[in-house]
Structure formats: C-alpha cells, structure tokens
Amino acid sequence: MICPSCESENLKVHAQNPPRWICGDCSKTTRKPLDGYQFPVVTATSTRFVITWAQNATAPHKSTLRTLLQYCKHNKAQLLVIPSRYRNATSVWSKAQQDQDWWHKELTPYLLGHELELNPNLVVGGDVRLTPTAANPLQGMQTVSGHKSYILGHPQIAFETVATPQSKLAKIITSTGAITKSNYSDTTAGKKGAFHHELGATLVELDGSKFHIRQLIANGHGVICDLDKRYDGKTIKGKQRAECFVSGDFHGKYLDEKVKAAWWTGKNSLFSLIKPKVQVFHDVFDGYFGSHHHNHDPFLTLRKHFNGDNDGQNELIGTLQKLDDCMLADKNYIVKSNHDEHLDRWLKETDWRKDPANAEFYLQTALAIVQAIKSGNKFDALEYWAKQTGLAKGAIFLKRSQVMAIKDFLMSLHGDKGINGARGSVKSFNKIGSQSVTGHGHAPAKEKGAWRVGISCIHGLEYATGSPSSWLQTAHIVYSNGKGSLISCIDGEYRK
C-alpha cells in the first residue's frame, strides 16, 4: 500500500480495529472505511468541463495533470475525474482491496463517483467502473443512457455514434483517457491495457441543450494542443498551426453550406483559426448523376432528367468549384474513394449512345483514358477534369496504392477497402500497427489507433433516407504534439 500523503511505500500496520496504517517516512496515519471509499457529491458549476479517469492507489502523471489544471484555469472549465479500481469492482470486498481503495490527494478534490447530467442530452457516467483493461470500453454501453449521449471513464479513449431517428443528431458515447500513470499487472490483459493507455481528457462545451466534444490528448511530456493553442502546464502558446485537417466525406453535390462556412469559408471558420499545413479530402465526388445503384429504377432516372440531376459534367464541375473554395492548406490531398470511382464505373458500363445528355462528356473523358493507356500513364477522371477546367489547382490526387502519412497517422486509406481485400472498418484498421484516419463510414469513431471522420455533406443523402442514422458532421485534426482530435459541426458551429 502507498501512503496517500507522501506516496511512500513504507506503510506499516498501526492498529487493527479500526484499521490504521502509519507511514515510516512522513509519520502520518491513514484510515480507510470498511465499506470502501466514499465519493463526494459533485455539481456542475461551469458550461465547460474537462473529464478524465484515475486509477486507485496510483499517482497522477504530474505534467499532464499540471497541463489540464492550466487548461481549466485558462478556459474557466471544471475538472471532473472519474475514479476506477484496477480490480473486479463487483467482487466480494476484501482487506486486500480495502488497502488500495484510495485516490491520490491531488485528484480527490475533483473525483466524480456518481452520475452527473450536464444538460438534457448529455450524461457523465461517474458511477460506472469500467475494467481498465477492457479491449473495447464502449461495448454493450450504447443503450445504457437512453437517448442521452454518454461519457464514461476509461484510460483508453474510444468514440462512436449511435443511430437515432433522422430528425435528431446521432447520440455520442465516448470514454475519457487517463490522468494517472500507466499501472497494470504483468499479464496479457495488463500488457494490452498499458499499450492503449492514453493520457488526457475529454472536453465538453455546453451550449444550451447542445454540446461540443473534443479530445485533449497529451504526449509523454504532458503537452496538450487544442484548436490554435498549445498548453504545457507552464506556458500557453497561441496561433499554433495544426499539422493536418481531415474533413468528413465531402460529396460535393450535397456539401452542407453550414459546414462549408464553419470549416472553411465563414468569418470565424475553423480553418482561419488552426491554419492546417495539410488537408485531406474523402469522397469528393458523389456521382449521383450516373450512380449504378439507380440502373434498374426507370422512374428515378426520369426524375433526374426533369430535375437536371443527370448531367455528369455539370455535377463534376460544380464539385470541383466547391473543392476549389475549400483548398486552403499548403498541401491538399484527395484520397481515392469509392464514390469518386462511381465515375470510373459509369465510364466502363455506360453506352453513350443511349445517354445523349452525357454523350460529349463521356466521349471526351473516354478519349483521355485511351490516350493515357497508350502513353502508359494512370488516369484519374477527377484529376483530368480539374486540369481541363483550371479548378482545384495544386490538388494532389492519391492513387489507391499510394501511402501518405502525417505525424505517424496513415492518411491515404479511404476506409472502404480493409485488410486482405475485406471490407474496411475501424475495428480492422486498429490492427494494422499504425494510427490511421479514414472516411467512408459517415459515422465518426475512434477505436485504439484507428480514427474515422464523419461527413461534410447534408445528413439525408438519398441512399440513407428512411432509417435511423449514426452520421455526424465530424472532422479530425492532427496537432503539433503528434496527437489528434475529432471535432464536430453542430448546427453550423464547431465550438461554443
């Protein structure tokens, strides 16, 4: 047992009834109640919260704690620490457990041991003691909080959205990250737990019944970046440029103008604040005009004709114009994605003689493909039309086989194609031995080292109407400390 006053391990039994221990170094005695630690009742006193997790009988990571306290002071945020025990919380209470049932004195003022409702749509599960070595801390917790989003304490930061009726935003469940040092057993589970132990916290900003969530992840020196600021516990540096910004799937025809303003073009846009050096786009083109999903629906084809939605060149140029507005980084990468390849499939399968509206567009593009093959070059239809129109100048169009990484984050996978030719998923990408940021799923997520962005387009795309949705307008930022964060656009705003 460790002394809660001076952290010495030189504790000796002083009295048995009630149990007391005396420290051989600081001479202070300590006593623990037989029924376990009694957590204080906490109330919400702010509209901004920094929520993290602490293990019993474990010292905090001092530099990270110092930085989080600095962050809270600077941003008028309330620090909440969800306590947990590194033992089976449902087992019979024993003296061995009792001896370890304390939390470091620097953390006790912030402990939250009960459920706390932050607003009508968000709850902190301070009463839930998740196993620190759980492979997936969110497993089975999707429905526990009802319709409310749920924050759980755990040393591994996980994030997912839960499908809700389309009239509502998706429900979020997430875990927090840790403030205490890595302290695990020398077992297989302990080894895995130590590897996925993440120092930091989850930030919540309340805005009436709405809220914004971001991750505050520290590097080994306790340095945390958030938006344009860098915190190290001693100094705060502003006007910091982000390393990379990965927007949610673009789907140019259906790009949400509120998201466009919030991320890129508005007066107080995120881009004007973080000025990322690199930007990554997924699913730039939607391909609605000639989607193969519509091949056997003559009435939809007729509707597209009368609405003017069957013009491929018009959709492509409109997409490139919007992309041009948003290409504001030093380098702008276009990840080869399945919706971009809808155009490739249309070119392979369409008989231009039966599609007079697109005949000229088809023939010009097909001729360019023939010439590229003759010259031994690879052909990308988006890249070709960008050059033809002079739009999206400087965009770097990645091929499927190309690898591109930023600060140890693999950025060149769209997410539709997974390991060994299987379908892609966050679960599969967390096994590749490298952190990654993908798109495709439209529902933002984080599982271990695998991150996934959401969308930048409107929620109700035609192939998703009529069903509950877990889609969210969410992007990803890579910071100079080598850590990342998801950031969502809620009703046109990315923060309070």
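Model, not experiment: these values are computed from the prediction. (Residues numbered from 1 in each chain as written. Predicted model: local features only at pLDDT ≥ 70, side-chain atom pairs only at ≥ 80, totals over all residues. Heavy atoms only, no water.)

J.: Can you break down the overall build of the protein chain residue by residue, with the values?
T.: Looking only at helices and strands, the protein chain has 11 helices and 26 strands in total. Relative to the compact-globule value of 23 Å for 496 residues, the protein chain shows a C-alpha radius of gyration of 26 Å, a close match. Taken along its principal axes, the extent of the C-alpha atoms in the protein chain is 95 × 45 × 40 Å. Taking as baseline every contact in the protein chain between residues at least 6 positions apart, the subset at least 24 positions apart corresponds to 66%. (Helix = DSSP H or I, 4+ residues; strand = E, 2+ residues; numbered from the N terminus. Rg over C-alpha atoms; globule rule 2.2 N^0.38 Å. Contact = heavy atoms within 4.5 Å.)

J.: Can you break down the sheet that holds strand β25 (residues 474-478) residue by residue, with the values?
T.: Pairing is mixed in the open sheet, where six strands are placed in the order β19-β18-β17-β16-β25-β26. What marks the edges here is a single partner per strand, and that holds for β19 (396-397) and β26 (484-488). Judged from the three bridges that link them, strand β16 (residues 244-246) and β25 form a sheet pairing that is antiparallel. Each residue of the ladder has a partner; that of Val246, found in β25, is His476. (Pairing = 2+ DSSP bridges.)

J.: Before we move on, could you go through the sheet that holds strand β12 (residues 210-217) and cite the residues and values that matter?
T.: Across the sheet, four strands lie side by side as β5-β4-β11-β12; this open sheet has mixed pairing. The open sheet has two edge strands, β5 (78-84) and β12, and neither has a second partner. Here the strands of the sheet are splayed against their neighbours by 25 degrees on average, with no regard to which way each runs. Pairing of strand β4 (residues 48-55) with β5, which is carried by seven bridges, proceeds in the parallel orientation. Residue Gln55 lies in a different strand from β5, and its bridge partner there is Ser84. (Axes fitted to C-alpha atoms, helices over the stretch in contact; angles between N-to-C directions.)

J.: Describe the nonpolar core, naming the residues involved and giving the relevant values.
T.: As a rule of thumb, nonpolar side chains are buried together in soluble globular proteins. Formed by 45 residues in total, the largest nonpolar core has its most connected members in Phe245, Trp263, Trp264, Leu270, Phe281, Leu323 and Leu343. With 37 residues, the next largest nonpolar core counts Ile51, Ile172, Ile213 and Ile490 among its residues. (Core = buried A, V, L, I, M, F, W, Y, C linked by side-chain atoms within 4.5 Å. Buried < 20%, exposed > 50% of the residue type's maximum accessible area, 1.4 Å probe, protein only.)

J.: Could you give an account of the packing of helix α8 (residues 340-349) against helix α9 (residues 359-375), with specific residues and numbers?
T.: At a minimum axis separation of 11 Å, α8 and α9 run at an interaxial angle of 95 degrees. Considering their axes alone, α8 and α9 lie roughly perpendicular with respect to each other. Counting all contacts with α8, which are made through Leu343, Trp346 and Leu347, the residues of α9 involved are Phe361, Tyr362, Thr365 and Ile369. Its residues assigned to classes, the contact of α8 with α9 comprises six nonpolar, one polar and no charged. (Parallel < 35°, antiparallel > 145°, perpendicular 65-115°, else oblique. Nonpolar A, V, L, I, M, F, W, Y, C, P; charged D, E, K, R; others polar.)

J.: How would you sum up the side chain of Ser269? Please name residues and give values.
T.: Secondary-structure assignment places Ser269 in the loop between α4 (257-265) and α5 (270-274). Sequence-distant contacts of Ser269, that is, excluding residues within four places in its chain, are made with Ala261, Ala262, Trp263, Trp264 and Tyr494.

J.: Explain the environment of Thr64 residue by residue, including any values.
T.: Looking at the element boundaries, Thr64 is found in helix α1 (residues 62-75). Here Thr64 falls in the buried class, since its relative accessible area comes to 0%. With 263 residues separating them along the chain, Thr64 and Met327 place their C-alpha atoms 35 Å apart. Contact partners of Thr64, with chain neighbours within four places excluded, come to Ile179, Leu199, Gly200, Ala218 and Gly222. Of note is the side chain of Thr64, whose polar atom sits 2.8 Å from the side chain of His61. (Polar contact = N/O pair within 3.5 Å; in protein donor to acceptor, adjacent residues only side chain to side chain.)

J.: So what's going on with the environment of Thr474? Which residues, and what values?
T.: Structurally, the position occupied by Thr474 is in strand β25. The spacing of Thr474 and Ile224 is 250 residues in sequence and 21 Å in space, taken between C-alpha atoms. In this structure Thr474 touches Ser247, Gly248, Pro444, Val453, Gly454, Ile455, Leu486, Ile487 and Ser488, once residues within four positions along its chain are discounted. Within the structure, Thr474 has its side chain in polar contact with the side chain of Ser488 (distance 2.7 Å).

J.: I'd like to hear about the packing of helix α7 (residues 312-326) against helix α10 (residues 381-389), residue by residue, with values.
T.: It is at 10 Å that the axes of α7 and α10 come closest, and there the two elements cross at 75 degrees. The orientation of α7 relative to α10 falls into the category roughly perpendicular. Contact residues: Gln313, Leu316, Ile317 and Leu320 in α7; Leu382, Trp385, Ala386 and Thr389 in α10.

J.: Tell me about the pairing of strand β10 (residues 171-175), and name the residues and values.
T.: With five of its five residues buried, β10 lies for the most part within the structure. Of the two faces of β10, the one holding Lys171, Ile173 and Ser175 and the one holding Ile172 and Thr174 are both buried throughout. Sheet topology note: the strand β8 (residues 149-152)/β10 ladder contains three bridges and is parallel. Across the sheet, residue Ile151 finds its bridge partner in β10, namely Thr174. With four bridges joining them, strand β9 (residues 159-162) and β10 adopt antiparallel strand pairing. By the bridge assignment, Phe159 is partnered in β10 with Thr174.

J.: Talk me through the environment of Tyr479; I want residue IDs and the actual numbers.
T.: Assignment of secondary structure puts Tyr479 in the loop between β25 and β26. Measuring from C-alpha to C-alpha, the distance between Tyr479 and Cys225 comes to 6.3 Å, with 254 residues separating the pair along the chain. Discounting chain neighbours no more than four positions away, the residues touching Tyr479 are Cys225, Asp226, Leu227, Glu243, Lys407 and Ser485.

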